[in-house]
Amino acid sequence: MNETFYIKNMVCNRCIASVLEIFNIENYTVESIELGKVVAAEGEGSRKENLANALTKIGFELIENETDTVVEQIKVKLIHKIETGETDYLFQSLAEEFGKTETALSKMFSKSEGMTLEKYTINLKIEKVKEYIQLGQLNFSEIAYALNYKTSSHLARQFKTVTGMSMSDYKSLKNWNRKTLDQIV
């Protein structure tokens, strides 16, 4: 019988490959896998404890409670929305998707992660800005537009607040320091 596993810190496509390998090694039959979530059936000799230990060794964690599951789903949805440019009414749309108020989601997230949902989102956006700068395909105004900032100056101020440098300074570095998405919290 299939069981749904929620995995903490599984927020990128490379993570999917690593987690899939662990499930296979631990003799689980994976029906589906996506960011933060695996649907699989135990095979002969598989043990959940071994699976949890193997995942922990490579920086992941099986999520056992509902709050942590929701928080991890929020992270995955935020990453997806930022990647696809769906940033209009971001917190409102998340609240609707989870059937909770924006305040309730924010409190749940802050309590679990020690960081506000807004700050987490800003950090995700800044990492996306760094990616856009590295790709060199968009100018700063186009990056601001792509991430739904009202003005490029607002983005510039936020970038400097988070990174301690201007976007121009970052662009000229060429020795780019980016966090992986699982290191943001």
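How each quantity is defined
- Residues numbered from 1 in each chain as written.
- Predicted model: local features only at pLDDT ≥ 70, side-chain atom pairs only at ≥ 80, totals over all residues.
- Heavy atoms only, no water.
- Helix = DSSP H or I, 4+ residues; strand = E, 2+ residues; numbered from the N terminus.
- Contact = heavy atoms within 4.5 Å.
- Pairing = 2+ DSSP bridges.
- pLDDT = per-residue confidence, 0-100.
- Axes fitted to C-alpha atoms, helices over the stretch in contact; angles between N-to-C directions.
- Expected span 1.5 Å × (residues − 1).
- Buried < 20%, exposed > 50% of the residue type's maximum accessible area, 1.4 Å probe, protein only.
- Arc of directions from axis to C-beta.

**Focus: the side chain of threonine 121**
Residue placement: threonine 121 occurs in helix H6 (residues 117-135). When sequence neighbours within four positions are dropped, the list of residues in contact with threonine 121 reads Leu78, Ile82, Leu90 and Phe91.

**Things to note about the side chain of glutamine 158**
On the secondary structure map, glutamine 158 appears in helix H8 (residues 152-163). Glutamine 158 has contacts with Ile122, Ile126 and Tyr149, leaving out every residue within four places of it along the chain.

**Describing the pairing of strand S3 (residues 37-42)**
Note that strand S1 (residues 2-8) and S3 share five bridges and pair antiparallel. Looking at the pairing, asparagine 2 lines up with alanine 41 of S3. A loop of two residues connects strand S2 (residues 28-34) with S3, the two strands running antiparallel in sequence, and glycine 36 in this loop sits at a positive phi of about 80°.

**Quick word on the confidence of the model for the protein**
With 95% of its residues at a pLDDT of at least 70, the protein reaches an overall mean of 90. Put simply, helix H3 (residues 66-84) is where the protein has its lowest mean pLDDT, 89, and H8 is where it has its highest, 96.

**Description of the environment of tyrosine 132**
Tracing the sequence through the fold places tyrosine 132 in helix H6. Along the backbone, tyrosine 132 and threonine 84 are 48 residues apart, and their C-alpha atoms lie at a distance of 13 Å. Excluding its chain neighbours within four sequence positions, the residues that come into contact with tyrosine 132 are Gln137, Leu138, Ile143, Ala146 and Leu147.

**Re the pairing of S2**
Of the strand pairs in this sheet, S2 and S3 are connected by six bridges, and their pairing is antiparallel. Across the sheet, the residue bridging to tyrosine 28 is glutamate 42, located in S3.

**Things to note about the environment of asparagine 27**
Considering the arrangement of structural elements, one finds asparagine 27 in the loop between helix H1 (13-25) and S2. Spatially, the C-alpha atom of asparagine 27 lies 6.8 Å from that of glutamate 42, the residues being 15 residues apart in sequence. Look past the residues within four positions of asparagine 27 in its chain and what remains in contact with it is Ala41, Glu42, Gly43, Glu44 and Ser46.

**Here's the deal with the sheet that holds strand S4 (residues 61-63)**
With respect to topology, four strands assemble into an open sheet ordered S2-S3-S1-S4, the strand pairing being antiparallel. The open sheet has two edge strands, S2 and S4, and neither has a second partner. Strand-to-strand twist in this sheet, taken as the mean axis angle between neighbours without regard to direction, amounts to 40°. Pairing geometry for S1 and S4, over three bridges, is antiparallel. Within S4, the residue paired with lysine 8 across the bridge is glutamate 61. Of the strands in this sheet, S1 and S4 touch H3, which is tilted by about 70° from S1.

**Let's talk about H1**
Relative to the 18 Å expected for 13 residues at 1.5 Å per residue, H1 spans 19 Å between its end C-alpha atoms, a close match to the ideal helical length. Residues of H1 that are buried include every one of Cys15, Ile16, Val19, Ile22 and Phe23, and no others. Viewed along the axis of H1, the buried residues span an arc of 130°, placing them on a single side of the element. Facing away from the buried side of H1 by more than 90 degrees, the exposed set consists of Asn13, Arg14 and Ile25. In this structure, the buried residues of H1 make contact with S1, S2, S3 and helix H2 (48-57).

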